Amino acid sequence: MSNNASDAGKTPGRFQQFRMIVKILRQADPKALPITVASMLGTLALLVVIGLIFGGLWFFIPLGLMLAVLVGMVVFGQLAQRAQFKMIAGQPGAAAAVLKSMRGNWTVTEAVNGNRNLDMVHRVVGRPGVILVSEGPSSRVRSLLGAEKKRIARAAQQVPIYDVQTGTEEGQIPIDKLQRHLMKLPRNLTKAQVAELNDRLRALPQKMQMPKGPVPRGVRMPKAPRPKTR
């Protein structure tokens, strides 16, 4: 009994996590694995052809194998992330999970405003300034975004404040394009200005309008395997 209990409490290893991601990816997108394999074989074939044309197969075949593995991992990671976005789309807290998985100097504060329908607004601070990201129908979140923008305007001072609605309605940003949308925003602040802005916003009193009870936090972004940099 003790062995089973200890096994159940262990965190899955990398290989087990990889198998879980592969299983999920197969269910979400049956074409994903064939695309990954095709990208690897295509890379290897290209290097072999180059070796045949210019000579030096002894060099290009090992290089092709290494590049094929690298390309396969990159393609697999992108497809896995896309599948994860599709799986969490529409769930409360999905946008927050996507925002928190972003790379770079971003500070994400979840659910700074919301309502009884579990529509919510998240605050993101980065080089563009302040970005308010909403979840929910446009007709309901518009007032939440306006109220939050008004609340932080004095602390933000002259810093740009963007509002982004996530969803499938016209004018909203789909979950799988949210990170790309934020990355395209202009860099208006220096790192020092971002740190100063974060300090001013943290000093604001918290004003949460969500109903009593825990905010949905079960949405997590499993990490896809990434090629090692060392």
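What comes next concerns the included structure. Being a predicted model, the structure only gives us computed values, none of them experimental.

Topic: unusual backbone geometry
Consideration 1: At Leu 118, a residue that is not glycine, the phi angle is positive and equals roughly 65°.
Consideration 2: Structurally, Leu 118 can be placed in the loop between strand 1 (107-114) and strand 2 (120-126).
Consideration 3: A residue is classified by how much of its surface remains accessible, and Leu 118, at 33% relative accessible area, is partly exposed.
Consideration 4: Positive phi, normally seen in glycine, also occurs at Gln 157, with a value near 60°.
Consideration 5: Along the polypeptide, Gln 157 turns up in the loop between helix 6 (138-156) and strand 4 (161-166).

Section: the pairing of strand 4
Consideration 1: Both strand 3 (residues 129-135) and strand 4 contribute to a ladder of 6 bridges, which runs parallel. Directly across from Val 133, in strand 4, lies its bridge partner Val 164.

Some details on the pattern of salt bridges
Consideration 1: Inspection of every chain in the model, using the stated rule, returns 6 salt bridges.
Consideration 2: A salt bridge links Glu 148 to Arg 151, with the shortest nitrogen-to-oxygen separation between them at 3.0 Å. In this pair, Glu 148 and Arg 151 are both assigned in helix 6, 3 residues apart and thus about one turn of the helix distant.
Consideration 3: Residue class for Glu 148 comes out buried when judged on its relative accessible area of 0%.
Consideration 4: Here Asp 163 and Lys 149 are joined by a salt bridge, their closest N and O atoms 2.8 Å apart. Taken together, the positions of Asp 163 in strand 4 and Lys 149 in helix 6 put the pair 14 residues apart, joining distant regions of the chain.

Calculation rules
- Residues numbered from 1 in each chain as written.
- Predicted model: local features only at pLDDT ≥ 70, side-chain atom pairs only at ≥ 80, totals over all residues.
- Heavy atoms only, no water.
- Helix = DSSP H or I, 4+ residues; strand = E, 2+ residues; numbered from the N terminus.
- Buried < 20%, exposed > 50% of the residue type's maximum accessible area, 1.4 Å probe, protein only.
- Pairing = 2+ DSSP bridges.
- Salt bridge = Lys/Arg side-chain N within 4 Å of Asp/Glu carboxyl O.

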